[in-house]
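Given next are the chains, with one letter for each unit.
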Amino acid sequence: MIRFNSDYTEGCHPAILERLAATNMEQTPGYGEDIYCAAAAEQIKEACAAPEAAVHFLVGGTQTNVTVISAALRHYQGVITAVTGHINVHETGALESCGHKCLTIETADGKLTAEQIAAYTDAHYADASFEHTVQPKMVYISNPTEIGTIYKKAELEAIYDVCKERGLYLFLDGARLGYGLTCRENDVAALTDVFYIGGTKVGALFGEAVVITNEELKRDFRYNMKQRGGMLAKGRLLGIQFLTLFEEKRYFEISAHASRLAEKIHDELKDMGVKFYVDSPSNQQFVILPDAVLEKLKDDFAFEYQARVDDAHSAVRICTCWATKEENVEALLAALRGLLQ
C-alpha cells in the first residue's frame, strides 16, 4: 500500500534520528531550558528575520492552537476563522472546551479576506447588544489552508492592517508552513502577531515551534504552556529536532521536495484531463475521479476522501510530503494513466 492520504505517515528525517541517538545519554535541564532548544530558537529567529521573537516548542498542532489562542484571549472573547479552519472542523471542539468560540465565516477558497474580517468586526460593534455576544479578538488563518490554498503577501498585508486597525491579534497556523513557503505560488511574509512552524508534518517525529512577535502575547506564555500540558519534561527532544531541521536549511529543502512532487502530480493529471475540486498550489492536491477508478486503486493506494461530487465521481486529497518517493508518484501516475486513457 502506497499512502498519499496524509503528510505525516512516515517517522522523521534520518538526520533527526541520528542526532537523537548521538545525544541520547546526555544530561540536560528539562522543560525546554536546554542548549538544544536555545540553539534551535536562534536558528528559527534567524530564518524568520525576527531577532526579538520569543520561540517556544510544543508537541502537536491541536495543543499548539489551543495553547496560543487561550493564552491570548479573555473568556468572553472568540477567534474569527474560515468555516473550514482546522480549529473549527478537525479538533473535536478543543478550543470551545476551553471556553473560546470559533466565529466562523464562509469562504470560497478557504481563505479569509481583509474585507470579511472588517465587516464581521464592524457588525459586532454596530449591534446595540454587542456586549451580549462573543467579542472577536483574534483572527486565525492557516497557510496553506485546509484545502491547500495559499495566502499571497498582499493578502496577508491587508489582513494584518485590518487586524491592527480593529485591535485583533493575527495568528497563523503553520502546520504545513514549509510546504506553503516552497510551493510555486509562494509570496508569504511573517505579517502576524504569532505563528507556528510545523514539524510533525514536515520532517520531525513530532513538534511545533511557536514564534511570538507581539510583546503582549509573549508575557507569561510558559504558564499557559504548562497548564495546557505543553511543557514537555524532556524538552530537548523538540529542540534537537528543530535544530536539525533548520541547520543547513534542511527544513526548506525537504519541503521543496514535497512541493515539486505535488506540482508533478497536478501537471500530469491536468494533462490527462482530470478536474480538480480545489485549485491548490500546495502539497495537497484535491482531484475529482470516477468512483470506479477509485475502487480499482484502493488496494494499492490510499487517499483522503474529500467530498461527493456527483453520482459517479468523488473528490479525494492526494498529499505529498518530505519523504514521498519519486517512484511512488510515478506508480500512481502510471496507474491513473492506465485507467483514465
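Everything numeric in this text was worked out from a predicted model, so none of it was measured.

Rules and cut-offs
All residue numbers refer to position in the chain's written sequence, counted from 1. Restriction of local features to residues with pLDDT of at least 70 applies here, the model being predicted, together with a cutoff of 80 or more for giving and counting side-chain atom pairs; totals for whole chains, interfaces and linings are based on all residues. Here the side-chain values reflect all heavy atoms present in the structure, with hydrogen atoms and water set aside. We call a set of buried Ala, Val, Leu, Ile, Met, Phe, Trp, Tyr and Cys residues a nonpolar core when their side-chain atoms join them within 4.5 Å. Per-residue accessibility, obtained with a 1.4 Å probe over protein chains only, is compared with the maximum for each type, and a residue is labelled buried under 20%, exposed over 50%, and partly exposed between these values. In DSSP terms, a helix is any run of H or I states spanning at least four residues, a strand is any run of E spanning at least two, and both are numbered starting from the N terminus. Any two residues whose heavy atoms approach within 4.5 Å at even a single point are treated as in contact. Criterion for a salt bridge: a side-chain nitrogen of Lys or Arg within 4 Å of a carboxyl oxygen of Asp or Glu. A helix is expected to span 1.5 Å for every residue after the first. Each pair of strands is called paired provided DSSP finds at least two bridges between the two strands. In this analysis an axis means a line fitted to C-alpha atoms, helices contributing only their contacting stretch, and an angle means the value between N-to-C directions, from 0 to 180 degrees. Polar contact is the term for a pair of N or O atoms within 3.5 Å; when the atoms are in protein, one must be able to donate a hydrogen and the other to accept it, and sequence-neighboring residues count only if both atoms are side-chain atoms. Each helix crossing is assigned a hand: it is left-handed if the near helix lies turned anticlockwise from the far helix by less than a right angle, otherwise right-handed if that turn is clockwise. Charged means Asp, Glu, Lys or Arg here, nonpolar means Ala, Val, Leu, Ile, Met, Phe, Trp, Tyr, Cys or Pro, and polar covers whatever is left, Gly included.

Turning our eyes to something else, we now look at the nonpolar core. Within the largest apolar cluster, 52 residues are counted, with the highest numbers of intra-cluster contacts made by I44, F57, L112, V139 and I197. No other element matches helix 11 (residues 236-246), which puts six residues into this core. Discounting residues that sit within four places of it in the chain, I197 has contacts with I44, C48, G174, L177, E208, A209, V211, F242, F246 and Y251. Among the nonpolar cores identified, the runner-up in size contains 23 residues, and V68, A175, I212 and L217 belong to it.

We now examine the pattern of salt bridges. Pairs can form between side chains of opposite charge once their charged atoms are near each other. Applying the stated rule across the entire model yields 16 salt bridges. Of the charged contacts, one joins R166 and D122 as a salt bridge, the two residues approaching to 2.9 Å between their closest N and O atoms. Residue R166 is located in the loop between helix 7 (153-165) and strand 6 (169-173), and its partner D122 is located in helix 6 (residues 114-126); the two are separated by 44 residues in the primary sequence. What emerges from the salt-bridge pattern is a single network uniting K264, E268, E330 and R337.

Side chains that are three or four residues apart share a direction in an α-helix, a result of its 3.6 residues per turn. Here helix 12 (residues 250-271) is 22 residues long and its end C-alpha atoms lie 32 Å apart, about the 32 Å a rise of 1.5 Å per residue gives. Every buried residue belonging to helix 12 is among R250, Y251, I254, S255, A258, S259, L261, A262, E263, I265, H266 and L269, and all of these are buried. In the segment just after helix 12, G273 is the residue with positive phi, at about 90°.

Strand order in the open sheet formed by four strands is 9-10-13-12, with antiparallel pairing between adjacent strands. Every interior strand has two partners, whereas the edge strands, strand 9 (275-278) and strand 12 (304-310), have only one. Adjacent strand axes in the sheet meet at a mean angle of 35° when their direction is disregarded. In the sheet, strand 9 pairs with strand 10 (residues 284-290) via three bridges, with the strands oriented antiparallel.

Moving on, we get to the environment of Q63. With respect to the helices, strands and loops of the structure, Q63 is situated in helix 3 (residues 61-72). Residues Q63 and E91, spaced 28 residues apart in sequence, show a C-alpha to C-alpha distance of 9.4 Å. Other than its neighbours up to four places away in sequence, Q63 contacts L58, R228, G229 and G230. A polar contact is formed between the side chain of Q63 and the backbone nitrogen of V59, at a distance of 3.0 Å.

Moving on to the packing of helix 2 (residues 35-47) against helix 11. Interaxial distance between helix 2 and helix 11 falls to 8 Å at its minimum, and their mutual angle equals 40°. Helix 11 is crossed by helix 2, and the crossing has left-handed handedness. Taken together, the residues of helix 11 that come into contact with helix 2 (itself represented by Y36, C37, A39, A40, Q43, I44 and A47) are R236, G239, I240, F242, L243 and F246. Its residues assigned to classes, the contact of helix 2 with helix 11 comprises ten nonpolar, two polar and one charged.

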